[in-house]
Amino acid sequence: PLFLANVLGVRTNIIGLIEGLAETTASLLKLFSGWLSDRLRSRKWITVAGYSLSAFAKPFLLIANSWGAVLAVRLTDRVGKGIRNSPRDALIADSIDETQRGLAFGLHRAGDTAGAALGLFIALIVVTLSQRGRATLSSNTFYLLVAISVIPAVLGVLALIVGAKDVPLKPDGKLPKLSLAGFDNRFKFFLLVVLIFTFGNSSDAFLVLRAQERGMSVSTIMAMILSFNILYALLSGPAGRLSDRLGRQQLIITGWAVYGLVYLGFALAGAGWQVFGLYILYGAYYGLTEGVSKAFIADLVAPEQRGTAYGLYNAIVGVAALPASFIAGLLWQGAGSFGGFGPHAPFLFGAILALAASVMLGVGLRPARR
């Protein structure tokens, strides 16, 4: 988002459109790839293909000189994500006993986020050495970061090819359907509540723009995101393990409530240091919900439905991602167009929907038997 805003001069409504289209594309493909992994009864090589496509797309940011070009690269990268995520999540669920399912997904999120933290630490060093006091991101710094990021992308693909193994699934004589038919009503209700929550969950790009709007430099923003990822990584494993003992639903409700309160804080924040602290706390929402939600889905569906279930979950998130980010961009930009709106408005909107969703999940869904 800083490259789009600082270097290419793109307005926030277009940034919201780019992020929304990218995430929606990924989420709809997650539906198909999850269903395909159920149909083929194989997860690994679909996952490898998705990671490989994302790694291939990344270097093209080096020649992107318009928001349309950035959109093309982002869409290709998110197509790779769409191909890989649902089969990967199903592979994790297949590979672990249900009594440790929360821990397994928590460790996955912790590893993913620890890698992000290390990458951000490297990026922070690069930005600090190359920006030389600039308040906004330069194109040369961005291109250097892209070039460096190709290395771990390729290494990740190689690690997956060498280390991952499919878990054989027992054939049940039925071909999976690409629909909600045959799924438990509890799973369907969970998807409905997730849809409501996600309408207020706009792209995190707006959090970064809010930080800059409150006066934070690029280096400080990088340090903020690094701190967020550290908390996210530290909480993910213990939260997953706690969900194995206490149940997933309670942790998801708590995480959504944290999200609502943090977004309310973003709406009211008047200084950069307040945004910095809130963004770190934002990591608690991710740590409490990301891995736990994936484990919760595995609790609600049969093993032979897992790929399709994760695909449906991700598709629901994607359906809401485009309007969520586009609405956020309009609300932000609306300070001059509609009056009364502005940078605080997307966060107030997200806080209201998050708190409503947490209440719905607590009242409308009976805790699962464990």
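Everything numeric here is computed off the predicted structure, so don't read it as measured data. (Residues numbered from 1 in each chain as written. Predicted model: local features only at pLDDT ≥ 70, side-chain atom pairs only at ≥ 80, totals over all residues. Heavy atoms only, no water.)

Draft legend 1. Focus on the overall build of the protein. Looking only at helices and strands, one finds 13 helices and zero strands in the protein. Ordering the α and β elements of the protein from the N terminus gives α-α-α-α-α-α-α-α-α-α-α-α-α. In terms of overall dimensions, the protein has a C-alpha envelope of 60 × 45 × 35 Å along the principal axes. Residues counted as buried form 51% of the 370 residues belonging to the protein. When contacts within the protein are restricted to residue pairs at least 6 apart in sequence, those whose partners lie at least 24 apart make up 85%. For the protein, the computed accessible surface area is about 15,800 Å², with 68% contributed by carbon and sulfur atoms. (Helix = DSSP H or I, 4+ residues; strand = E, 2+ residues; numbered from the N terminus. Buried < 20%, exposed > 50% of the residue type's maximum accessible area, 1.4 Å probe, protein only. Contact = heavy atoms within 4.5 Å. Areas by Shrake-Rupley, 256 points an atom, 1.4 Å probe, with all protein chains shown as cover.)

Draft legend 2. Fine view of the packing of helix α3 (residues 44–57) against helix α6 (residues 139–163). Following both chains from N to C, one finds α3 and α6 inclined at 170 degrees, their axes separated by 9 Å at the closest point. In terms of orientation, α3 lies roughly antiparallel with respect to α6. Between α3 and α6, the residues in contact are Lys44, Trp45, Thr47, Val48, Tyr51, Ser52 and Ala55 and Ala153, Val157, Leu160 and Ile161, respectively. (Axes fitted to C-alpha atoms, helices over the stretch in contact; angles between N-to-C directions. Parallel < 35°, antiparallel > 145°, perpendicular 65-115°, else oblique.)

Draft legend 3. Expanded view of the packing of aromatic side chains. According to the stated counting rule, one finds 30 aromatic pairs in the structure shown. With a centroid separation of 5.5 Å and 80 degrees between ring planes, the pair formed by Phe228 and Tyr286 is classed as edge-to-face. One end of the pair, Phe228, is in helix α9 (residues 218–246); the other, Tyr286, is in helix α11 (residues 272–300), and 58 residues separate them in sequence. This pair shows no difference in class: Phe228 is buried, exactly as Tyr286 is. What links up through ring pairs into an aromatic cluster is the set Phe197, Phe228, Tyr232, Trp256, Tyr259, Tyr263, Phe266, Tyr279, Tyr282, Tyr285, Tyr286 and Phe347. The residue whose ring lies beneath Arg84 is Tyr51, and the NZ or CZ to ring-centre distance is 4.3 Å. (Phe/Tyr/Trp six-rings, centres within 6.5 Å; stacked < 30°, edge-to-face > 60°. Lys NZ or Arg CZ within 6 Å of the ring centre and 35° of its normal.)

Draft legend 4. Quick look at the pattern of salt bridges. Within this structure, the stated rule accounts for 14 salt bridges. As a salt-bridge pair, Asp38 and Arg43 come within 2.7 Å of each other at their nearest N and O atoms. Arg43 carries the same exposure label as Asp38, and that label is buried. One salt bridge in this structure joins Asp112 and Arg109, with 3.5 Å as the shortest N-O distance. (Salt bridge = Lys/Arg side-chain N within 4 Å of Asp/Glu carboxyl O.)

Draft legend 5. Spotlight on the packing of helix α2 (residues 12–40) against helix α4 (residues 67–94). Here α2 crosses α4 at 25 degrees, and the two axes come no closer than 7 Å. One element, α2, and the other, α4, form an angle in the roughly parallel class. Here the hand of the crossing between α2 and α4 comes out right-handed. The residue makeup of the contact of α2 with α4, split by class, is 12 nonpolar, seven polar and six charged. (Left-handed = near helix turned anticlockwise from the far one by under 90°. Nonpolar A, V, L, I, M, F, W, Y, C, P; charged D, E, K, R; others polar.)

Draft legend 6. Seen up close, α4. Taking 1.5 Å of rise per residue, 28 residues should cover 40 Å, and α4 covers 40 Å from first to last C-alpha, within 8% of that figure. Approximately 30 degrees is the largest bend angle found in α4, and it occurs at Arg84, with the proline Pro87 only one to four residues beyond. The element α4 is extensively covered by neighbouring structure, given that 20 of its 28 residues are classed as buried. (Expected span 1.5 Å × (residues − 1). Bend = angle between axes of the 7 residues up to and from the residue.)

Draft legend 7. Main features of a nonpolar patch on the surface. A cluster of nonpolar side chains, namely Trp45, Ile151, Val154, Leu155, Leu158, Ile161 and Val162, defines an oily patch on the protein surface of about 720 Å² accessible area. Mapped onto the elements, Val162 comes out in helix α6. (Patch = residues over 30% accessible without salt bridge, like charges linked within 9 Å, V, L, I, M, F, W, Y side chains within 5 Å.)

Draft legend 8. Representation of the side chain of Arg101 within the structure. Position of Arg101 among the secondary structure elements: in helix α5 (residues 101–131). Given the relative accessible area of 5%, Arg101 is considered buried. Sequence-distant contacts of Arg101, defined by excluding residues within four places in its chain, comprise Ile96, Asp244, Arg248, Ala295, Ala298, Asp299 and Arg306.

Draft legend 9. Quick peek at the environment of Leu155. Along the chain, the position of Leu155 falls in helix α6. By relative accessible area, Leu155 is classed as exposed at 54%. When the C-alpha positions of Leu155 and Ala269 are compared, they lie 40 Å apart, and in sequence the two are 114 residues distant.

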